[in-house]
Amino acid sequence: MDLIAIAVPFFLLALILELFVDWRKGSGFYRSNDAINSLSAGILSTTTGYFTRLLALVAWSFVLRHFAIIDMQLAWFDLSVRGVLLWVTAALAWDFCYYWFHRFSHEISVLWAAHAVHHQSEDYNLSTALRQTSTGFLFGWIFYLPLFVVGFPLEVLITVNAVNLIYQFWVHTQVVRRMGVLDRILVTPSNHRVHHAQNERYIDKNYGGMLILWDRFFGTFQDEADDDPVVFGVRKPLANWNPFWANLQVYDYLLFDARKAARWRDKLGIWFRRTGWRPPDVEERFPRKTVDVSRFQKFDPPTSPSQRRYVMAQFGVSIVLALSIAELFARNGAGYVLVPCAVLWLQLYTLGLLNDGRASARRIELLRLLAATPALYALFTVSSGVPSQPALGWAVVIGYSLASALWLLALPRAKSELVMH
Ligand SMILES: [Zn+2]
Ligand SMILES: [Zn+2]
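Computed from a prediction, not measured in an experiment: that's the story for all the values here.

Rules and cut-offs
For every chain, the first residue of the written sequence is number 1, and numbering continues from 1 along that sequence. For naming, the first written chain is A and the first written ligand is 1, with later ones following in the order written. The predicted nature of this model means local features are confined to residues of pLDDT at least 70 and side-chain atom pairs, given and counted, to a pLDDT of 80 or more, with totals for whole chains, interfaces and linings taken over all residues. The numbering of helices and of strands both runs from the N terminus, where a helix is a DSSP run of H or I of at least 4 residues and a strand a run of E of at least 2. Two things to know: the radius of gyration comes from C-alpha atoms, and the globule rule equals 2.2 Å times the number of residues to the power 0.38. A residue is called partly exposed when the number of other C-beta atoms within 10 Å of its own lies between 12 and 20, exposed at 12 or fewer, and buried at 20 or more, with C-beta atoms placed from the backbone. For the purpose of contact definition, each residue receives a C-beta atom placed from its backbone, and two residues are in contact when these atoms lie within 7 Å. Each domain's extent is set by a domain assignment, obtained either automatically or from a database. Residues are grouped as follows: Ala, Val, Leu, Ile, Met, Phe, Trp, Tyr, Cys and Pro are nonpolar; Asp, Glu, Lys and Arg are charged; all remaining types, including Gly, are polar. We define a nonpolar core as a collection of buried residues of the types Ala, Val, Leu, Ile, Met, Phe, Trp, Tyr and Cys that are connected via C-beta atoms lying within 7 Å of each other. Throughout, an axis means a line fitted to C-alpha atoms (over the contacting stretch in the case of helices), and angles, computed between N-to-C directions, take values from 0 to 180 degrees. These descriptions rest on fixed angle ranges, namely under 35 degrees for roughly parallel, over 145 for roughly antiparallel, 65 to 115 for roughly perpendicular, and the rest for oblique. The sense of a crossing depends on the near helix, which, turned anticlockwise from the far helix by less than a right angle, makes the crossing left-handed and, turned clockwise, makes it right-handed. Expected span, for any helix, means 1.5 Å times one less than how many residues it has.

Observations regarding the overall build of the chain
Okay, step 1: Check the secondary structure of the chain and you find 19 helices and 0 strands.
Okay, step 2: Over its C-alpha atoms the chain spans a radius of gyration of 23 Å, differing by no more than 12% from the 22 Å that the globule rule assigns to 421 residues.
Okay, step 3: Seen through its C-alpha atoms, the chain measures out along the principal axes to roughly 65 × 55 × 55 Å.
Okay, step 4: In the chain, which comprises 421 residues, the share counted as buried stands at 33%.
Okay, step 5: Within the chain, contacts between residues separated by at least 24 positions form 73% of all contacts whose residues are at least 6 apart in sequence.

Printed below as a string of structure tokens:
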């Protein structure tokens, strides 16, 4: 049973509800470009995960088979008192490992490169929760190995992982302010807002997944202070809406420094040193601006309202496509969904370009609609065997592409509309 797949409709419902509350109150927690970028990163993380998640599963199964100390049976995890205690132990043990994984993800450069994606949003709402990395598969699994050495069954640990992730969804909100004593025990919206801040006093605090007690115990807890409102985001802003670049930006910084460093120990060492550390010679030749959080401005390139409506509608198509691909993956496996994923990824990329307000964006979007999408659909029908209703499939694809292209061509020139607004 895939708990996360079951949770997705509830995630979307909660998000729509929060969006509605935000709209009614005019609180400004949502901007369409930032939310679309966060959700695009989430979709990218899920869909690339179809191809990368095997690494962790293979490693975990291997360790469990060859190194487990206790031969725990799945049948022990039933609804008896002992069974429930075992479930609670597994969930707490996972949360403990999560704390350290998350802490190292902030403190070590190469792990930060993967995790930074989750922090790039300069807003804070339920869409931020779904903003996940696509490269976490590289090292993330290592931190949970002790639990497999102990011998917890794979199914149990996969379940408590899902519970941990699902729990973390709801804390990404500004609608809930303070929760009294719960703020001191559990990870709550207030103390997770602190974690997403770039204010000096909030940096590298509140790493917990479900329990904030770990932070209190290991000295990384910080309460949200009324006189220091959280400024969300990262110190080196992403400054574009490209979900692929969001996943590569920090690796790119590190690669730049590694290439420019004179000493070999710096070229190799930089990846595993404290986040923010730079080789002294590189720091001197290529200094980076220091950030003044008090003068922070959100990245928000101007685009016309009519184009924003077009992007939002297209992003609705992306969500439907992503849900359909999840269904196809569950039934047919990763090989079957590669081409549909390519269609989706291309769309997320061009929608980012449109939101960036790039001059070439509309031309590239037109190419996607009229050339790439039909070509990829043709490739899909060939590679996956003839679909049951080929005529209907083609009618949908051609109808979608033509209708979208006409809408795009009918949009007023971005500049003229911007002057009006
Ligand atoms: Zn984090
Ligand atoms: Zn978060």
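Still to come is the rest of the account.
Observations concerning the domain arrangement of the chain
Okay, step 1: Once the domains are mapped, the chain shows domain 1 (3-218) and domain 2 (305-420).
Okay, step 2: A separation of 30 Å is found between the C-alpha centroids of domain 1 and domain 2.
Okay, step 3: Contact with domain 1, which involves 11 residues of that partner, is made by 18 residues of domain 2.
Okay, step 4: No other element matches the 10 residues that helix 2 (residues 32-52) contributes to the side of domain 1 that touches domain 2.
Okay, step 5: Of the residues that constitute the side of domain 1 that touches domain 2, the class distribution is 6 nonpolar, 5 polar and no charged.

Observations regarding the environment of Gly-393
Okay, step 1: Among the structural elements, Gly-393 can be located in helix 18 (residues 390-410).
Okay, step 2: Separated by 12 residues in the primary sequence, Gly-393 and Thr-381 place their C-alpha atoms 9.3 Å from one another.

Observations concerning the nonpolar core
Okay, step 1: Formed by 35 residues in total, the largest nonpolar core has its most connected members in Ile-36, Ile-43, Val-311, Ile-325, Leu-344 and Leu-351.
Okay, step 2: Going through the elements one at a time, helix 2, helix 5 (109-115), helix 6 (126-129), helix 12 (243-260), helix 15 (305-332) and helix 16 (334-356) are the ones with two or more residues in this core.
Okay, step 3: The element contributing the most residues to this core is helix 16, with 8 residues.
Okay, step 4: Among the domains, domain 1 (3-218) and domain 2 (305-420) are the pair contributing at least three residues each to this core.
Okay, step 5: Apart from the residues within four sequence positions on either side, Leu-351 is in contact with Ile-36, Val-311, Gln-314 and Phe-315.
Okay, step 6: Listed in part, the 19 residues of the second largest apolar core include Trp-94, Cys-97, Phe-101 and Leu-157.

Considering the packing of helix 16 against helix 17 (residues 361-383)
A pair of packed helices is characterised by two quantities: the angle between their axes and the separation of those axes.
Okay, step 1: Between helix 16 and helix 17, whose axes approach to 9 Å, the crossing angle comes to 175 degrees. The angle between the axes of helix 16 and helix 17 places the two elements in the roughly antiparallel class. Counted together, Val-339, Pro-340, Ala-342, Val-343, Leu-346, Gln-347, Thr-350, Leu-353, Leu-354 and Asp-356 of helix 16 and Ala-361, Ile-364, Glu-365, Arg-368, Ala-372, Thr-373, Leu-376, Leu-379, Phe-380 and Ser-383 of helix 17 form the full contact between these two elements.
Okay, step 2: Looking at the contact of helix 16 with helix 17, its residues break down into 13 nonpolar, 4 polar and 3 charged.

Describing unusual backbone geometry
Okay, step 1: Even without glycine at this site, Asp-204 takes up a positive phi of about 60 degrees.
Okay, step 2: Along the chain, Asp-204 falls in the loop between helix 10 (189-195) and helix 11 (213-218).

Some words on the packing of helix 4 (residues 81-107) against helix 8 (residues 154-169)
Okay, step 1: Across the interface, helix 4 lies against helix 8 with an axial gap of 9 Å and an inter-helix angle of 65 degrees. For the crossing formed where helix 4 meets helix 8, the hand is right-handed. Across from Ala-90, Ala-91, Trp-94, Asp-95 and Tyr-98 in helix 4, the residues of helix 8 making contact are Val-156, Leu-157, Val-160, Asn-161, Val-163 and Asn-164.
Okay, step 2: Here the contact of helix 4 with helix 8 is composed, by residue class, of 8 nonpolar, 2 polar and 1 charged.

Brief notes about helix 4
Side chains that are three or four residues apart share a direction in an α-helix, a result of its 3.6 residues per turn.
Okay, step 1: The end-to-end C-alpha separation of helix 4 is 39 Å, in line with the 39 Å expected for 27 residues at 1.5 Å each.
Okay, step 2: Check the buried side of helix 4 and you find it contacts helix 5, helix 7 (145-150), helix 8 and helix 11.

As for helix 2
Okay, step 1: With 21 residues, helix 2 should cover 30 Å at 1.5 Å per step; its first-to-last C-alpha distance of 29 Å lies within 8% of that length.
Okay, step 2: Among the 21 residues of helix 2, 16 are classified as buried, and the element is accordingly described as predominantly covered.

Brief notes about the environment of Ala-246
Okay, step 1: Here Ala-246 is to be found in helix 12.
Okay, step 2: The exposure class of Ala-246 is buried, given the 25 C-beta atoms found within 10 Å.
Okay, step 3: Beyond its immediate stretch of four places on either side in the chain, Ala-246 contacts Ala-41, Val-117, Gln-120 and Leu-238.

Considering the environment of Val-291
Okay, step 1: For Val-291, the position within the fold is in the loop between helix 14 (280-285) and helix 15.
Okay, step 2: Between the C-alpha atoms of Val-291 and Val-117, which are 174 residues apart in sequence, the distance is 19 Å.

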